[in-house]
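# Architecture at a glance
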Amino acid sequence: MAIVRQLSRHFRERWTERIGAAPSVEGVNRILDRSHKLCGQKRLYEMVDGIGLKPCTRLAEYWCHKSGMILKIDEWSGTAVTVITAHRGG
């Protein structure tokens, strides 16, 4: 099941910096297939200057233990937004 249809510029930059080789949509979806969903995407509201609420979005997070990374995904647009990893590949 493909979740991601596109990779943000930020995602591609972080992936190359932290993992090494350039990512592909297909490769990211393969990682997501073997990942555990930590939290789904949600619309939240935060207080701004104590005077009102402002809508914000919490991205979905997927953890792949085997690859040692967390992927932040905008499920609504099908975009991989960033990658967090505990180690540097290569």
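Description of the structure in this document.

About the criteria used
- Residues numbered from 1 in each chain as written.
- Predicted model: local features only at pLDDT ≥ 70, side-chain atom pairs only at ≥ 80, totals over all residues.
- Heavy atoms only, no water.
- Helix = DSSP H or I, 4+ residues; strand = E, 2+ residues; numbered from the N terminus.
- Buried < 20%, exposed > 50% of the residue type's maximum accessible area, 1.4 Å probe, protein only.
- Contact = heavy atoms within 4.5 Å.
- Lys, Arg positive; Asp, Glu negative; His and termini not counted.
- Charge placed at Lys NZ, Arg CZ, Asp CG, Glu CD.
- Salt bridge = Lys/Arg side-chain N within 4 Å of Asp/Glu carboxyl O.
- Patch = residues over 30% accessible without salt bridge, like charges linked within 9 Å, V, L, I, M, F, W, Y side chains within 5 Å.
- Areas by Shrake-Rupley, 256 points an atom, 1.4 Å probe, with all protein chains shown as cover.
- Pairing = 2+ DSSP bridges.

What follows covers the overall build of the protein. Assigned secondary structure in the protein consists of two helices and seven strands. When the helices and strands of the protein are listed from N to C terminus, the series reads β-α-α-β-β-β-β-β-β. Taken along its principal axes, the extent of the C-alpha atoms in the protein is 50 × 25 × 25 Å. Burial statistics for the protein: of 90 residues in total, 36% are counted as buried. By sequence separation, contacts in the protein at least 24 residues apart represent 48% of the contacts at least 6 residues apart. Each charge class in the protein can be summarised by its mean position, and for the 15 positive and 9 negative side chains these summaries are 4 Å apart.

Attention shifts here to the pattern of salt bridges. The tally for this structure, following the rule as stated, stands at six salt bridges. A salt bridge links Glu17 to Arg18; the nearest nitrogen and oxygen atoms lie 3.7 Å apart. Residue classification places Glu17 among the partly exposed positions, given a relative accessible area of 42%. The closest approach of N and O atoms between Lys37 and Glu75, which form a salt bridge, is 2.9 Å. Linking Lys37 in strand β2 (residues 36-39) with Glu75 in the loop between β6 (69-74) and β7 (79-85), this pair joins segments that are 38 residues apart in sequence. In this structure, a network of salt bridges that share partners links the residues Arg14, Glu17 and Arg18.

What follows covers a nonpolar patch on the surface. Residues Tyr45, Met47 and Leu53 make up a contiguous nonpolar surface patch of roughly 380 Å² in combined accessible area. A residue is classified by how much of its surface remains accessible, and Met47, at 53% relative accessible area, is exposed.

Attention now moves to unusual backbone geometry. Look at Asp49: it is not a glycine, yet its phi comes out positive at around 50 degrees. Mapped onto the elements of the fold, Asp49 is located in the loop between β3 (42-48) and β4 (52-58). Note on Asp49: relative accessible area 71%, which makes it exposed.

Moving on, we come to the sheet that holds β2. Read from one edge of the open sheet, five strands run β1-β7-β6-β5-β2, paired in mixed fashion. The outermost strands of the open sheet, each flanked by one partner alone, are β1 (6-7) and β2. Looking at chain direction, β1 and β7 are connected through two bridges and run parallel. Residue pairing in the sheet places Leu7 in a bridge with Ala80 of β7.

For the rest of this paragraph, the subject is helix α2 (residues 25-33). Those residues of α2 lying buried are Gly27, Val28, Asn29, Ile31 and Leu32. Tucked into the core, α2 has its buried residues touching β1, α1 (9-18), β5 (60-64), β6 and β7.

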